[in-house]
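Close look at the chain arrangement
The chain contents come next:
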Amino acid sequence: MLPYLRENFGNPSSRTHDFGLNAAAAVETARSHVAALVGATPREIIFTSGATEANNLAIKGLCAGWQGQAAHIITCATEHPAVLDVLDSVGGTHKDLRVTRVKVDGQGIIDLDALEKALAQGARLLSIMAANNETGVLQPLDEITQRLQGRDVIWHCDAAQAVGKIPVNLRQTRIDLLSISAHKIHGPKGQGALFIRRRRPPLRLQAQIDGGGQERGLRSGTLNVAGIVGFGEACRLCQIEGAADALRLGILRDQLQARLQEALGDRILINGHPQCRLPNALNVSFRGVHGPELLVALRDVALSSGAACSSGSDTPSHVLAAMGRDVTLAAASLRFGLGRSTTVADVEWAATRVIDEVRSCGK
Ligand SMILES: Cc1ncc(COP(=O)(O)O)c(C=O)c1O
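What counts as what
Residues numbered from 1 in each chain as written. Predicted model: local features only at pLDDT ≥ 70, side-chain atom pairs only at ≥ 80, totals over all residues. Heavy atoms only, no water. Helix = DSSP H or I, 4+ residues; strand = E, 2+ residues; numbered from the N terminus. Contact = heavy atoms within 4.5 Å. Salt bridge = Lys/Arg side-chain N within 4 Å of Asp/Glu carboxyl O. Domains from an automatic or database assignment. Buried area = accessible area lost by both parts, 1.4 Å probe.

1. Focus on the environment of Ala160
With respect to the helices and strands, Ala160 occurs in the loop between β5 (154–158) and β6 (177–181). Distance in space between the C-alpha atoms of Ala160 and Ile128 is 12 Å, their sequence separation being 32 residues. Setting aside residues no more than four positions away along its own chain, Ala160 makes contact with Ala51, Ser179, Ser181 and Lys184.

2. Quick look at the pattern of salt bridges
For the coordinates displayed, the defined rule picks out 15 salt bridges. Salt-bridge contacts for Arg31 lead to Glu215; the nearest nitrogen and oxygen are separated by 2.9 Å. You can see Arg31 sitting in helix α1 (residues 18–38) and its partner Glu215 sitting in the loop between β7 (192–196) and α6 (225–264), a full 184 residues away along the chain. Linking Glu116 and Arg147 is a salt bridge whose minimum nitrogen-to-oxygen distance equals 3.0 Å. With Glu116 in helix α4 (residues 112–120) and Arg147 in helix α5 (residues 141–147), the pair connects residues that are 31 residues apart, well separated along the chain. Connected through shared salt-bridge partners, Glu28, Arg31 and Glu215 make up one network.

3. A word on the domain arrangement of the protein chain
By domain assignment, the protein chain separates into domain 1 (2–237) and domain 2 (242–361). Taking only C-alpha atoms into account, the centre of domain 1 sits 28 Å from that of domain 2. Domain 1 puts 28 residues into the contact, and the matching count from domain 2 is 25 residues. Between domain 1 and domain 2, the buried area comes to about 2,000 Å², and carbon and sulfur atoms account for 59% of it.

Below you can see the structure in the form of structure tokens.
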């Protein structure tokens, strides 16, 4: 990224000199790395400031074209606020919009029968994520693809947590719009992309940011070249190292879980499906512990409770509530996220810290 903040500081929209053309070439190389990671073509990738903006562009961009028309949108109760709140906001301005939030089971997996029933009522848009940000639970994308067969519904998928951690191949799914975030794969914060499938008839999205017409008019504003280059490189590295990382992190995550279970027994409860989970994610509730107190006591460990963006708020997790966890257990939950730099020693240290604090908080 550094050369694009220093000597190669050109603006990729300035096509009349070498500085601009070099920056534009770097952006296109990055676009091809992002596309390759998810099985898309570079033309299908629009750079955004992250998955939040990608979700907004996908949902608001589509709904803008449906003003005055009735529309039924299906989503899931455990989606990220960057989907649920966007739908609430669109519903506020689009009076003929009806949103169905499909429930999940106790392990966080979408209820496919309830989805089928919602689809049977006719729907224009489905917004179902690939992997949950709080529990790591993976939604059954193949089964959803099957249920969509023969139905004219657009599928948006928030894949901020999944891309780079599990294989996502857009050539093998029905997904039309896919949101990606760079900082979930060790890229820079404030960078992401929206995949827009090229199809006939083309998907019509209205830009949510107007101006200079960058990104084929869908997202105006001078491109963050260094951020995009970093995002592209993160995607390239994921393609090379992602599978090995996932294997290693899965083993470490299982060790962490086993260590907590061994030490704390039935005082802990694992949240989320034990198998259909991201390899780097672990969400645990602690019985008999005051959640916020535990988090404060563990300030030296980078943990969160609920969504990282809202952790610190007192509202219990809507994800755990949808999975049927009672308020106390939902509030006494911790999210562990393992990454490329996490070592066996880190896991051992974190487990010891958590076990000690749970024992003393619970006294
Ligand atoms: C599932 C999911 N969607 C959306 C977002 C928002 O992504 P960004 O921070 O890139 O806007 C996140 C990040 O926490 C996420 O986990």
